[in-house]
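# Summary of the model geometry
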Amino acid sequence: SQYSAVDTNPLSVYIMQPIWNKIIKIVPLWIAPNLLTFSGFVMILFNYFLISFYDWDYTASGTSPGLVPTWVWLFSAFTTFCAYALDSIDGKHARRTQSSTPLGELFDHGLDSWATSIFVLSFFSVCSRDNGKTGVSVYTMYIYLSIVLFNFMCSHWEKYNTGVLFLPWGYDISQVVLIAAYLLTGTVGVEVWQKPLLFGYYITDVLVILLIGFSLFLSFPQTLYNIHRAHLKKTLKNDSLYEGLLPLVSPLLLFILLTVWVVLSPSNILAKQPRLFLWMVGVAFSNVICKVIVCQMSSTRPELFHWFLFPLALVVYAAISGLLGRTEEAVLGAFTALLTAAHVHYGVCVGRQLSEHLNIYIFSLKKRVQE
């Protein structure tokens, strides 16, 4: 299928695109676009693990002065900008080297679906968790992450139905806000997040309100409007309502199961292991969305229930019924490790199958020799 995306965001069109068009000229023509995509993702991951090392339980910024060294925040700003740049130029570079492929599209969106949660989880270290004076509660973090992931899902659900990816406005805005937040923290210190900004509201409150406002009153209505417009023009990919809503079933069930675990956990698992739990949420979500992206690209039907909803349901049941008892954290750790391994394995397998099918290498522009 021909890839089509529409970007109407003024920030992107008038400010960022001209910058990317300058940066792209530096990239040597022999570099494969997927290498750019992957490098950006590796930077985000590296940055996430670096912050986790200094701030495993999201409390480091709640102390004053903060426990995370200044260079880490400045490094975060740098890696976030680089990842944002690489994610923005990989498609341009593919067109420039005439190497646009379905593999590249899947690689880009698949990694984005995982990176989305990692960006959010890194940002939580800036504002720190609630310590009675400042910070954000772990439940707010969970809701915040869920809304961001819901937004990401909407744009791909919309593409599944319309065939066009309308790039969400929130993407460029969130990247610029993230970079600014890291720079601010690095230059002024974490104290900036601990003082009220306006009318007794903290910067973090303002960002949460903005995010929820953007999602519920801009992104989501825009998605429904675009689908409705395609319906009127008779360009919808799926005729029946059931077919159209099918990709939403697994993500919604995933959200329900996770929320049940968060609310009914006997040991209050989210408060005990916020980093581990939220990481697991991000990986689970990414895997569900990758399946939707594959279905949307290959025009196949997604299955009603994603396979790991079954083991997840078992784990959640065992946890909330008290069966796990004191092992709840250990089981969360093991489940998260297995899920992450399964997700990486899935990505590698799909990548290899596509590269063989399309007769191309993933990280090189050299052509494969036909066997």
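Residues numbered from 1 in each chain as written. Predicted model: local features only at pLDDT ≥ 70, side-chain atom pairs only at ≥ 80, totals over all residues. Heavy atoms only, no water.

### A word on the layout of surface pockets
Its boundaries defined by the atoms lining it, the second largest pocket holds a volume of some 480 Å³. The wall of the second largest pocket is formed by 20 residues, among which Phe107, Leu111, Val344, Gly347 and Val348 lie closest to the centre. Counting residues per element, the ones that place at least two in the lining of the second largest pocket are α2 (33-54), α4 (102-127), α10 (274-298) and α12 (328-357). When residues of the lining of the second largest pocket are assigned to their parent elements, the largest contribution, seven residues, is made by α12. Across the lining of the second largest pocket, the residue classes tally to 16 nonpolar, four polar and no charged. (1 Å grid on protein atoms, 1.4 Å probe; cavity = no way out; pocket = protein on both sides within 12 Å on 5 of 7 lines; lining within 4 Å. Points joined across faces, edges and corners; volume = space filled by probe spheres on them. Helix = DSSP H or I, 4+ residues; strand = E, 2+ residues; numbered from the N terminus. Nonpolar A, V, L, I, M, F, W, Y, C, P; charged D, E, K, R; others polar.)

### Quick look at the UniProt feature "transmembrane region" (unreviewed entry) in the protein
Following the UniProt record, one finds the feature "transmembrane region" (unreviewed entry) at residues 26-50, 70-86, 136-154, 197-220, 241-264, 276-294, 306-324 and 330-348. Between the C-alpha atoms that bound residues 70-86 the distance is 25 Å, and the span itself is 100% helix and 0% strand. Annotation note: span residues 197-220, helix share 75%, strand share 0%, distance between end C-alpha atoms 29 Å. (UniProt positions renumbered as here; feature names shortened; annotations may be inferred.)

### Focus on the side chain of threonine 336
Among the structural elements, threonine 336 can be located in helix α12. Only 2.7 Å separates the side chain of threonine 336 from the backbone oxygen of leucine 332, close enough to count as a polar contact. Sequence-distant contacts of threonine 336, that is, excluding residues within four places in its chain, are made with Leu276, Trp279 and Met280. (Polar contact = N/O pair within 3.5 Å; in protein donor to acceptor, adjacent residues only side chain to side chain. Contact = heavy atoms within 4.5 Å.)

### Remarks on a nonpolar patch on the surface
A cluster of nonpolar side chains, namely Val13, Tyr14, Ile15, Ile19 and Phe81, defines an oily patch on the protein surface of about 470 Å² accessible area. Ranked by the residues each element gives to the nonpolar patch, the list is headed by helix α1 (residues 10-23), at four residues. Mapped onto the elements, valine 13 comes out in helix α1. Here valine 13 falls in the partly exposed class, since its relative accessible area comes to 33%. (Patch = residues over 30% accessible without salt bridge, like charges linked within 9 Å, V, L, I, M, F, W, Y side chains within 5 Å. Areas by Shrake-Rupley, 256 points an atom, 1.4 Å probe, with all protein chains shown as cover. Salt bridge = Lys/Arg side-chain N within 4 Å of Asp/Glu carboxyl O. Buried < 20%, exposed > 50% of the residue type's maximum accessible area, 1.4 Å probe, protein only.)

### Considering the nonpolar core
Counting 100 residues, the largest nonpolar core has Phe123, Phe124, Tyr144, Leu254, Trp261, Phe277 and Leu312 as its most contacted members. Ignoring any residue separated from it by four or fewer positions in sequence, one finds leucine 312 in contact with Leu254, Leu257, Leu258, Trp261 and Phe335. (Core = buried A, V, L, I, M, F, W, Y, C linked by side-chain atoms within 4.5 Å.)

### Overview of the packing of α10 against α12
Between α10 and α12, whose axes approach to 10 Å, the crossing angle comes to 30°. Comparing the axis directions of α10 and α12 gives the class roughly parallel. Between α10 and α12 the crossing geometry is left-handed. Across from Leu276, Phe277, Trp279, Met280, Val283, Ala284, Ser286, Asn287, Cys290, Lys291 and Val294 in α10, the residues of α12 making contact are Leu332, Gly333, Phe335, Thr336, Leu339, Thr340, His343 and Tyr346. Within the contact of α10 with α12, the residues separate by chemical class into 12 nonpolar, six polar and one charged. (Axes fitted to C-alpha atoms, helices over the stretch in contact; angles between N-to-C directions. Parallel < 35°, antiparallel > 145°, perpendicular 65-115°, else oblique. Left-handed = near helix turned anticlockwise from the far one by under 90°.)

### Overview of the environment of leucine 224
Along the chain, the position of leucine 224 falls in helix α7 (residues 203-232). On the basis of relative accessibility, which here comes to 40%, the residue leucine 224 falls in the partly exposed class.

### Points about the pattern of salt bridges
Applying the stated criterion to the full structure yields three salt bridges. Linking glutamate 243 and arginine 301 is a salt bridge whose minimum nitrogen-to-oxygen distance equals 3.2 Å. Residue glutamate 243 is found in helix α8 (residues 241-264), and its partner arginine 301 is found in the loop between α10 and α11 (309-320); the two are separated by 58 residues along the sequence. Overall, the relative accessible area of 18% leaves glutamate 243 in the buried class.

### Notes on the packing of α4 against α10
Look at α4 against α10: their axes get within 10 Å of each other, and the N-to-C directions meet at 160°. When the interaxial angle is binned, α4 and α10 end up roughly antiparallel. You can see that α4 and α10 cross each other, and the crossing is right-handed. Looking at the contact of α4 with α10 residue by residue, the class counts come to 15 nonpolar, eight polar and two charged.

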